[in-house]
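Summary of the model geometry
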Amino acid sequence: MIRGCLTRFFCRRQRRGLRLLSTIPGVAAGALVALLAAPLGAQSLPVVRYATLFGGSSSSGFPFPDRYLIDSSQSVAVDAKGSAYVLGITYASRFPVTMGTELGSTFVVKLDSAGRIVYAVRFQDISGAAIAADAEGNAYIAGAAAPADALVVKLDPHGSRVYTAYLRGSGRDYAQAVALDAAGNVYLAGATTSPDFPTTADALQPTLQAASNGFLTKLDPTGAIRYSTYLGERAESYAEIG
């Protein structure tokens, strides 16, 4: 059994000590991700399969000088083959993407079971909060888009966008958790201030009951809404999946 272990690691571009954190040759700085194998015995410690750092090389045009350039891993998922999917934030102007734009602060990196990069992509149009992966190697990013719409983005095994599904209301909506089931349905949880957030006829809580409430939404494999409800009643709240 393989498990993913993510450290929320903020890396300032100072070389001293960084090489000690990476087991991948030639990788010296950036956001940190480690893959651990579950121990065989109850008293054994997990075995590190790999630990690697990755990130951009310059902060030109961004509000931080090079020595304060920050790459941050926010969320990680691991699929059945041991590939790791890392969602994070970068302020580098030259992040090592394998396809698409070099602009945008949100990134997704897929690593194979040995810690080698399969793809690395950046997004200008979304702010990511959580990531999940299915058995086929597709990745699902939960977060928000401007001005304040909750969304989920599905990426295929090669990092190309399959769909983007928006949950739009007149207020501020943000998805902060995502989960999948065996049938390919996607479950999003988060918070909303919208009195017209999309809900379904069978919603557990069909209306907004406070300044902000949580929400739970189920999408089918095509990204269409199958169930959606507010959660939290009269107390300001948000929803998570776990």
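Here is what the cut-offs are and how they apply
- Residue positions are given per chain, counting from 1 as you read along its sequence in written order.
- Totals for whole chains, interfaces and linings use every residue, but because this is a predicted model, local features are given only for residues with pLDDT of at least 70 and side-chain atom pairs only at 80 or more, for both listing and counting.
- Side-chain metrics in this entry use all non-hydrogen atoms of the structure; hydrogen atoms and water are not considered.
- For every residue, the pLDDT score states the predictor's confidence, bounded by 0 at the bottom and 100 at the top.
- Between two residues, a contact is recorded if the distance between any of their heavy atoms is within 4.5 Å.
- Only protein chains enter the accessibility calculation, which uses a 1.4 Å probe. A residue is then buried if its area is under 20% of the maximum for its type, exposed if over 50%, and partly exposed in between.
- Secondary structure counts use DSSP, requiring at least four H or I residues in a row for a helix and at least two E residues in a row for a strand, with both numbered from the N terminus.
- Strand pairing is defined by DSSP finding a minimum of two bridges between the two strands.
- For helices, the fitted line uses only the C-alpha atoms of the stretch in contact; every axis is such a line through C-alpha atoms, and the angle between N-to-C directions lies from 0 to 180 degrees.
- Centre distance within 6.5 Å is the pairing criterion for rings of Phe, Tyr and Trp, where only the six-membered ring of Trp is used; planes under 30 degrees apart are then read as stacked, over 60 as edge-to-face, and the remainder as tilted.
- Two thresholds decide whether a charge sits over a ring: the Lys NZ or Arg CZ must be within 6 Å of the ring centre and within 35 degrees of the ring normal.
- Any Lys or Arg side-chain nitrogen found within 4 Å of a carboxyl oxygen on Asp or Glu counts as a salt bridge.
- In plain words, nonpolar cores are sets of buried Ala, Val, Leu, Ile, Met, Phe, Trp, Tyr and Cys residues tied together by side-chain atoms within 4.5 Å.

Description of the confidence of the model for the protein chain
- Counting all residues, the mean pLDDT for the protein chain is 79, and 72% of those residues have values of 70 or more.
- Predicted confidence is poor over residues 1-29, with pLDDT under 50, and the contacts of this stretch with residues over four places away or in other chains come to 79 contacts.

Observations concerning the pairing of strand 14 (residues 213-219)
- Taken across its seven residues, strand 14 has five buried, putting it largely inside the fold.
- Examined bridge by bridge, strand 13 (residues 186-192) and strand 14 share seven bridges and lie antiparallel to one another. Paired with Y187 across the strands is K218, a residue of strand 14.
- Of the pairings in the sheet, the one linking strand 14 to strand 15 (residues 225-231) comprises six bridges and is antiparallel in character. Note on strand 15: the bridge partner recorded for L216 is T229.
- From the end of strand 14 to the start of strand 15, which pair antiparallel, there are five residues, and G223 there has a positive phi angle of about 95°.

Side note on the sheet that holds strand 8 (residues 127-133)
- On the basis of which strands lie adjacent, the open sheet formed by four strands has the order 8-9-10-11 and antiparallel pairing. This sheet does not close on itself; its edge strands, each paired only once, are strand 8 and strand 11 (161-167). For this sheet the average axis-to-axis angle between neighbouring strands, irrespective of direction, equals 20°.
- Here strand 8 runs beside strand 9 (residues 139-145); their pairing, made up of six bridges, is antiparallel. Opposite S127, over in strand 9, you have A144 as the bridge partner.

Side note on the packing of aromatic side chains
- Inspection of the entire model under this criterion finds two aromatic pairs.
- An angle of 35° between the planes, with centres 4.6 Å apart, marks the rings of F197 and F215 as tilted. In this pair, F197 sits in the loop between strand 13 and strand 14 while F215 sits in strand 14, placing the two residues 18 residues apart along the sequence. Across the pair, F215 and F197 agree in class, each one buried.
- Their ring planes at 55° and their centres at 6.1 Å tell us that F197 and Y230 sit as a pair that is tilted. On the criterion of sequence distance, the pair formed by F197 in the loop between strand 13 and strand 14 and Y230 in strand 15 is long-range, its members being 33 residues apart.
- Judged by relative accessible area, Y230 falls into the buried class, the value being 1%.
- The ring of Y166 has R168 lying over it, and the distance from NZ or CZ to the ring centre is 4.1 Å.

Examining the pattern of salt bridges
- A complete count under the given rule lists four salt bridges for this structure.
- The shortest N-O distance in the salt bridge between R116 and D112 comes to 3.0 Å.
- Overall, the relative accessible area of 53% leaves R116 in the exposed class.
- With its nearest N and O atoms 2.8 Å apart, the salt bridge here joins R226 to D220.

Here's the deal with the sheet that holds strand 5 (residues 84-90)
- The four strands are arranged 4-5-6-7 in an open sheet whose pairing can be described as antiparallel. Of all strands in the sheet, those bounded by a partner on one side alone are strand 4 (71-78) and strand 7 (117-123). Adjacent strand axes in the sheet meet at a mean angle of 20°, parallel and antiparallel pairs treated alike.
- Pairing of strand 6 (residues 106-111) with strand 7, which is carried by six bridges, proceeds in the antiparallel orientation. Across the sheet, the residue bridging to K110 is Y119, located in strand 7.

A few points about the nonpolar core
- Residues V152, V178, V186, L188 and F215 are the most contacted members of the largest nonpolar core, which totals 17 residues.
- Secondary-structure elements contributing two or more residues to this core are strand 8, strand 9, strand 10 (149-155), strand 11, strand 12 (173-180), strand 13 and strand 14.
- No other element matches strand 11, which puts three residues into this core.
- If near-sequence neighbours (up to four positions away) are discounted, V152 is found in contact with Y140, I141, Y163, T164, A165, V186, L188 and L219.

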